[in-house]
Amino acid sequence: MISSAQEQVLYQIAQTDTRFVRLWFTDVLGVLKSVAIDPVELERAFTEGVGFDGSSIEGLTRVYESDMVLMPDAATFQFLPWRAEDEQVARMFCDLKNPDGSPAAADPRAVLERALEHAAKLGFSMRVHPEIEFYLVRYEDGTIVPVDGAGYFDHVVRGGGNDFRRRAIMMLEKMGISVEMSHHEGGPGQNEIDLRSVDALSAADNLMTFRTVVEEVALREGMMATFMPKPFADGPGSGMHTHIALFEGETNAFHDPGGKYQLSRTARCFIAGILRHAREISAVTNQHVNSYKRLWGGGEAPSFVCWGHNNRSSLIRVPNYKPYNPQAARIEYRAMDPAANPYLAYAVLLEAGLAGIENDYDLMPDSEDDVWALTDQERQVLGINSLPNSLQNAVDEMRGSELVAATLGEDVFDFVIRNKEKEWREYRAQVTPFEMHQFFPLL
């Protein structure tokens, strides 16, 4: 049975010279995957799905149960604006199913959908507004270097970054992704583009599209884009500050005009939930060894588990941009980086916050100090813990987390643990240029 949304997609394709339809999905690590089908196959894809070998994709399934099915989500249909008009190519995100039609246990999109269903049972929907930082680089004499030497909010005359952001935003908006603002960030060649607030599933889909668009435009401009959390040792890291709000229908559940900082009890419990489980979810929101070089490398990256009003040294910040607009009430989670799988990261953040609401967690006092400037003893007195300082530390915390295990499901949870342990072992085995420079002349 074809739905009205699917009929609309079939109609759009019939009215254009569409050559291919790309079916997009992600593996557990958040790497975008794609298969192209002929438009004549799309109606059958809507009703029956498209089969593929899931055992060949990171973390999806085991060899002896490898058959999986892609089910296109018609609501995500868009044409790819970087393809020539005489050879139109469209894309849709897909849900992963087992051959019997049940959701695939290791589908990252399904992990987030389960968390959103949990929120819906409590009467909430989740909206997300990400601020995505990344570097634009190029090769010079075999070395990767930033494309410019500018800093925060700098306007670079005839700068490639200015033209790049304009072209990237135009492509994003052609794909239905609204951009709030863009600017040069603090590091040489570092940029930021902020997307407007949308529902959490659309936000995760948008982020996967965003990374593809940014990489595509960069290549066309003779540059490369990197979403590494810390690509340069002497430059600031790239974060993905994530603004979150829960809504009850059209009402912002985080807003209370009589509450401190106009925060409702729901918002305070949600913050308390994320803070209590912050160490456990770090291996998901910050999934690579390089992530912890950003978190502990300075440059306003959060290293400690605390919250504050307008305090950029805290893990969770309560912004104060529009204090008289109830719809704008939100929190900003500052640890997440752009290399995360957004489906899994949003799911663990939501479930941690919901745990705070359901269990009525008390919120620790907010921090008004520059947390980085405090001594270890001062932070201990204030009850401020640190985030994990390495991937191994984060995996150890995650391994004992009932909340993360329940959120991800057994298959995804076990794969993430195994994969991150492997990444840490391989990282530890490296002999770095620092070691050669520091020790080779002496030992």
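What you see is a predicted model; the values in this text were computed from it and never measured.

Chemist: Tell me what's going on with the packing of helix α3 (residues 108-121) against helix α5 (residues 200-220), and back it up with residues and numbers.
Modeler: Two elements in contact, α3 and α5, have axes separated by 10 Å at closest approach and are oriented at 160 degrees. When the axis of α3 is compared with that of α5, the two are roughly antiparallel. Every pair of crossing elements has a handedness; the one defined by α3 and α5 is right-handed. Two secondary-structure elements touch here, α3 through Arg109, Leu112, Glu113 and Leu116 and α5 through Ala200, Leu201, Ala204 and Asp205. Its residues assigned to classes, the contact of α3 with α5 shows 5 nonpolar, no polar and 3 charged.

Chemist: Help me get a handle on the packing of aromatic side chains, residues and values and all.
Modeler: For any two aromatic rings, the description comes down to two numbers: the centre-to-centre distance and the angle of the planes. Summed over all chains, the structure comprises 11 aromatic pairs. Ring geometry for Trp24 versus Phe93: centroids 5.6 Å apart, planes at 80 degrees, classification edge-to-face. Placement of the pair is Trp24 in strand β1 (residues 18-26) and Phe93 in strand β6 (residues 88-97), with a sequence separation of 69 residues. With respect to class, Trp24 is no different from Phe93; both count as buried. Grouped by ring-pair contacts, the aromatic residues Phe134, Phe164, Phe210 and Phe227 constitute a single cluster. A cation over an aromatic ring shows up here: Arg19 above the ring of Phe20, its NZ or CZ 4.6 Å from the ring centre. In this structure, Arg276 is placed above the aromatic ring of Tyr361, and the distance from its NZ or CZ to the ring centre is 3.6 Å.

Chemist: Any chance you could break down the pairing of strand β8 (residues 143-146) for me, citing the residues and the numbers?
Modeler: In terms of strand pairing, strand β7 (residues 125-140) meets β8 through 4 bridges, oriented antiparallel. Paired with Glu140 across the two strands is Thr143, which belongs to β8. A loop of 2 residues connects β7 with β8, the two strands running antiparallel in sequence, and Asp141 in this loop sits at a positive phi of about 55 degrees.

Cut-off values and rules
Residues numbered from 1 in each chain as written. Predicted model: local features only at pLDDT ≥ 70, side-chain atom pairs only at ≥ 80, totals over all residues. Heavy atoms only, no water. Axes fitted to C-alpha atoms, helices over the stretch in contact; angles between N-to-C directions. Helix = DSSP H or I, 4+ residues; strand = E, 2+ residues; numbered from the N terminus. Parallel < 35°, antiparallel > 145°, perpendicular 65-115°, else oblique. Left-handed = near helix turned anticlockwise from the far one by under 90°. Contact = heavy atoms within 4.5 Å. Nonpolar A, V, L, I, M, F, W, Y, C, P; charged D, E, K, R; others polar. Phe/Tyr/Trp six-rings, centres within 6.5 Å; stacked < 30°, edge-to-face > 60°. Buried < 20%, exposed > 50% of the residue type's maximum accessible area, 1.4 Å probe, protein only. Lys NZ or Arg CZ within 6 Å of the ring centre and 35° of its normal. Pairing = 2+ DSSP bridges.

Purely spatial values, then, with no claim about function.
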